[in-house]
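Structure at a glance
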Amino acid sequence: MGGLSNHFKGSGYAIHRTAIRPGRLPECCRNALADCLLAVRFLDASGKERLLPMKKCGVCGRYYAVCEDKFMAIGNLLKYDIVNLSE
């Protein structure tokens, strides 16, 4: 795992372990989230890499990675390793 951590320190990407929490979404996002065929690479608590599907709010345009009933706000897409699920 140390080699992978060192790789991501030098790359422009980050694999995120935290910031996924039970959903307290803004009012507009609660009813307007839609699938966008993208996913974020994420390390779960055991260190296993997972792909979290992303949703986008149709009102404000915010992105969220979704894991069960929890959400992670995606502020800047360039900070994350994004995977296109449509390919």
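About the thresholds
Residues numbered from 1 in each chain as written. Predicted model: local features only at pLDDT ≥ 70, side-chain atom pairs only at ≥ 80, totals over all residues. Heavy atoms only, no water. Helix = DSSP H or I, 4+ residues; strand = E, 2+ residues; numbered from the N terminus. Buried < 20%, exposed > 50% of the residue type's maximum accessible area, 1.4 Å probe, protein only. Salt bridge = Lys/Arg side-chain N within 4 Å of Asp/Glu carboxyl O. pLDDT = per-residue confidence, 0-100.

1. Focus on unusual backbone geometry
Notably, Leu37 is not glycine yet its phi reads approximately 60 degrees, a positive angle. For Leu37, the position within the fold is in strand β2 (residues 33-43). Since its relative accessible area comes to 51%, Leu37 is described here as exposed. In this structure, Glu68 is a non-glycine residue whose phi angle is positive, near 55 degrees. Here Glu68 is to be found in the loop between β4 (63-67) and β5 (70-74).

2. Thoughts on the pattern of salt bridges
Enumeration according to the criterion identifies 4 salt bridges in this entry. With a shortest N-O distance of 2.9 Å, Lys55 and Asp35 are connected by a salt bridge. Here the residue Lys55 occupies a position in strand β3 (residues 49-57), and Asp35 occupies one in strand β2, the gap between them amounting to 20 residues. The residue Arg41 makes a salt bridge to Glu49 at a minimum N-O spacing of 3.0 Å. You can call Arg41 partly exposed: its relative accessible area is 27%. Linked by salt bridges that have partners in common, Arg41, Glu49 and Asp81 make up one network.

3. A short note on the confidence of the model for the protein
Scored by pLDDT, the protein comes out at a mean of 79, with 74% of its residues at no less than 70. Looking over the protein, one finds the lowest element-wise mean pLDDT in helix α1 (residues 2-10), namely 58, and the highest in strand β6 (residues 82-84), namely 92.

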